Amino acid sequence: MLANHSAVLESLYILLSIMAHVAGQEDREKTTALKDLLSRIDLDELMKKDEPPLSFPSSLKEFEYAFNEKGQLRHIKTGEAFVFNAREDLHRWNQKRYEALGEIITQYVYELLEKECNLTKAIVPVDAMDNEASSFIYLSPDALSNPAKLLVLIQGSGVVRAGQWARRLIINQDLDSGTQIPFITRAMQEGYGVLVLNPNENHLEVERPGDASPPPAASAPEPSDEPAEKRERKEEKEGKKKREFYEKYRNPQRERETEQTPIRENSSPEEHVQYVWDHFVSRAAAKNVFIMAHSYGGLSFVELMKQREVQVKRRVCAVALTDSAHNIWLQESSKSMQDWMQERCRNWVSSPLPLDTLVEAMLPDCPRVSAGTERHELTSWTSFDSIFRFFSEALQAEEEEEEKEEAESSNIVTTRSSSLKNKHQDL
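Residues numbered from 1 in each chain as written. Predicted model: local features only at pLDDT ≥ 70, side-chain atom pairs only at ≥ 80, totals over all residues. Heavy atoms only, no water.

A look at the overall build of the chain
Phase 1: On a plain count of helices and strands, the chain comes out with 15 helices and 13 strands.
Phase 2: In the chain, buried positions account for 41% of the 427 residues.
Phase 3: In the chain, of all internal contacts separated by at least 6 residues, the share reaching a separation of at least 24 is 71%.
Phase 4: Only carbon and sulfur atoms are counted for the fraction: they give 50% of the accessible area of the chain, which is about 24,000 Å². (Helix = DSSP H or I, 4+ residues; strand = E, 2+ residues; numbered from the N terminus. Buried < 20%, exposed > 50% of the residue type's maximum accessible area, 1.4 Å probe, protein only. Contact = heavy atoms within 4.5 Å. Areas by Shrake-Rupley, 256 points an atom, 1.4 Å probe, with all protein chains shown as cover.)

Right under this line is the structure:
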């Protein structure tokens, strides 16, 4: 395959060199002929000879994979784990195959959220028109009506969608470590309402028509009365199209040209988190809100607090972060925010130290403890029990503080009443 590529590139180089030489001789007829020859090289056909078609199965069954009873992805026939390098020396093809499987995994997780966790979708924006770009979040049946507790889950950045922490873990390890399902199940068992955010779905992406094939081969030039300058600009534009097509061939990331329509008020993770707070969390009945945010989700939470500091302080009981990407200095957080985070937040970070061991703070924001792993994507799963224990302790402390305040308030009222009674008796 590499030999074919080298041969093609060498041929292109020779042709371009000849063109430059001929152009130097100002022989326009020969230059035009060489341009026409170059345009007839079908890079798409060359690509097809070098690698299999980029068409992949649309379901796990067609991929011949399934999740076993332990939630591990295994080949149906061999029982082996997923193998990325299915074909040697075809990294581009292997990567596209992995991405195709990842899209199937996303839909599979959605099904689990709906069927196993009994969650339902809520469209955002809430007033989206039928033909408008939109996304969705997931809610438990009592997410907005639970009077006691609400847990909000915010994932990190990248390809992961609602219900996922890390696609790599889902495919290579298991569903428990890579999805939010264990957190949802545990939270519902402990009486929380649950709200699952979807911060990475910010655009409706549509493939541009006609971009999947190379530009048509140039035909022999016809006599034209248009100025030479205009004709040269047209030729330059056509040449640019050819170069762009070649770039798509060379660079897998430019396989398709797409158009993106931003989702209104949800065009970034930060916008999405704030929108969900304004339209769902702030309207929920829960007395105490708990937030768990991984990686970039932590940055989005800090941005939310900057915009809604008073509301967050009043409603949120505790925040669990896992390897958070926030930075209170770069995000210009206030001193009052930093003080609140010191008291209400905890960040489980990737570290070789044992789980829950205090890690030296880099910034004066919130306590940092070890997640018991050095793998960034695993920090949420390894901190699972510690996070729920942290929430329980925070809620207990909150309730004790409220009882203390009520007792003090009651004592003040009793003392004042007794004082008034004694004064009346003296009179």
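So much for the structure itself; the text now carries on.
Considerations on empty space enclosed by the protein
Phase 1: Considering all chains together, one arrives at one cavity of 30 Å³ or more under this definition.
Phase 2: The space that makes up the largest cavity amounts to roughly 60 Å³.
Phase 3: Around the largest cavity sit V152, I154, L197, V273, V276, W277, V281, I291, F301 and L304, which together line it.
Phase 4: Counting residues per element, the ones that place at least two in the lining of the largest cavity are β5 (149-154), α10 (269-279) and α11 (296-307).
Phase 5: Considering each element in turn, the lining of the largest cavity owes the most residues, three residues, to α10.
Phase 6: Of the residues assigned to the lining of the largest cavity, the class counts are ten nonpolar, no polar and no charged. (1 Å grid on protein atoms, 1.4 Å probe; cavity = no way out; pocket = protein on both sides within 12 Å on 5 of 7 lines; lining within 4 Å. Points joined across faces, edges and corners; volume = space filled by probe spheres on them. Nonpolar A, V, L, I, M, F, W, Y, C, P; charged D, E, K, R; others polar.)

A few points about α11
Three- or four-residue spacings in an α-helix give side chains the same orientation, since the helix completes a turn every 3.6 residues.
Phase 1: With twelve residues, α11 extends 17 Å between its outermost C-alpha atoms, agreeing within 8% with the 16 Å of an ideal straight helix rising 1.5 Å per residue.
Phase 2: Listed in full, the buried residues belonging to α11 are G297, G298, L299, S300, F301, V302, L304 and M305. (Expected span 1.5 Å × (residues − 1).)

Digging into the packing of aromatic side chains
Phase 1: Following the criterion strictly, the structure yields 19 aromatic pairs and no others.
Phase 2: A ring pair is formed by Y65 and F82, whose centres lie 5.6 Å apart and whose planes are at 55°; its orientation type is tilted. One end of the pair, Y65, is in strand β1 (residues 65-67); the other, F82, is in the loop between β2 (73-75) and α5 (91-115), and 17 residues separate them in sequence.
Phase 3: With a relative accessible area of 5%, Y65 lands in the buried category.
Phase 4: Taking relative accessible area as the criterion, F82 reaches 9% and is therefore assigned buried.
Phase 5: Linked through ring pairs, W165, F183, Y192, F290, W348, W381, F384, F388, F390 and F391 together constitute an aromatic cluster.
Phase 6: Here the basic side chain of K121 rests over the ring of Y110, its NZ or CZ set 5.7 Å away from the ring centre. (Phe/Tyr/Trp six-rings, centres within 6.5 Å; stacked < 30°, edge-to-face > 60°. Lys NZ or Arg CZ within 6 Å of the ring centre and 35° of its normal.)

Examining the pattern of salt bridges
Phase 1: Evaluation of the coordinates by the stated rule reveals 18 salt bridges.
Phase 2: For K77, the salt bridge is made with E64, and the minimal N-O distance between the two is 3.2 Å. A residue pair is termed long-range when its members are at least 10 positions apart, and K77 in the loop between β2 and α5 and E64 in the loop between α4 (60-63) and β1 qualify at 13 residues.
Phase 3: When its relative accessible area of 66% is taken as the criterion, K77 is described as exposed.
Phase 4: Residues E99 and K96 are paired through a salt bridge, measuring 3.9 Å at the closest nitrogen-oxygen approach. On the criterion of helical spacing, the pair formed by E99 and K96 is a turn pair, its members being three residues apart in helix α5.
Phase 5: K96 sits in the buried class, given a relative accessible area of 16%.
Phase 6: Counted as one network, the salt bridges with shared partners bring together D127, E132, R264 and E265. (Salt bridge = Lys/Arg side-chain N within 4 Å of Asp/Glu carboxyl O.)

Some words on the sheet that holds strand β11 (residues 345-349)
Phase 1: The strand order across the open sheet built from nine strands is β3-β4-β6-β5-β9-β10-β11-β13-β12, with neighbouring strands paired in mixed fashion. On the outer flanks of this sheet lie β3 (120-124) and β12 (358-359), each paired with one strand and no other.
Phase 2: Bridge analysis of strand β4 (residues 135-139) against strand β6 (residues 192-196) gives two bridges, and the strand direction is antiparallel. Bridge assignment links Y138 to a residue of β6, and that residue is V196.
Phase 3: Packed on one face of the sheet, α11 meets β5, β9 (288-294), β10 (316-322) and β11 and runs near 135° to β9. (Pairing = 2+ DSSP bridges. Axes fitted to C-alpha atoms, helices over the stretch in contact; angles between N-to-C directions.)

Comments concerning the environment of G178
Phase 1: Relative to the helices and strands, G178 resides in helix α7 (residues 175-178).
Phase 2: Linking G178 and Q164, residues 14 residues apart in sequence, is a C-alpha distance of 6.1 Å.
Phase 3: Setting aside its immediate chain neighbours within four residues, G178 contacts Q164, W165, A166, L169 and I170.

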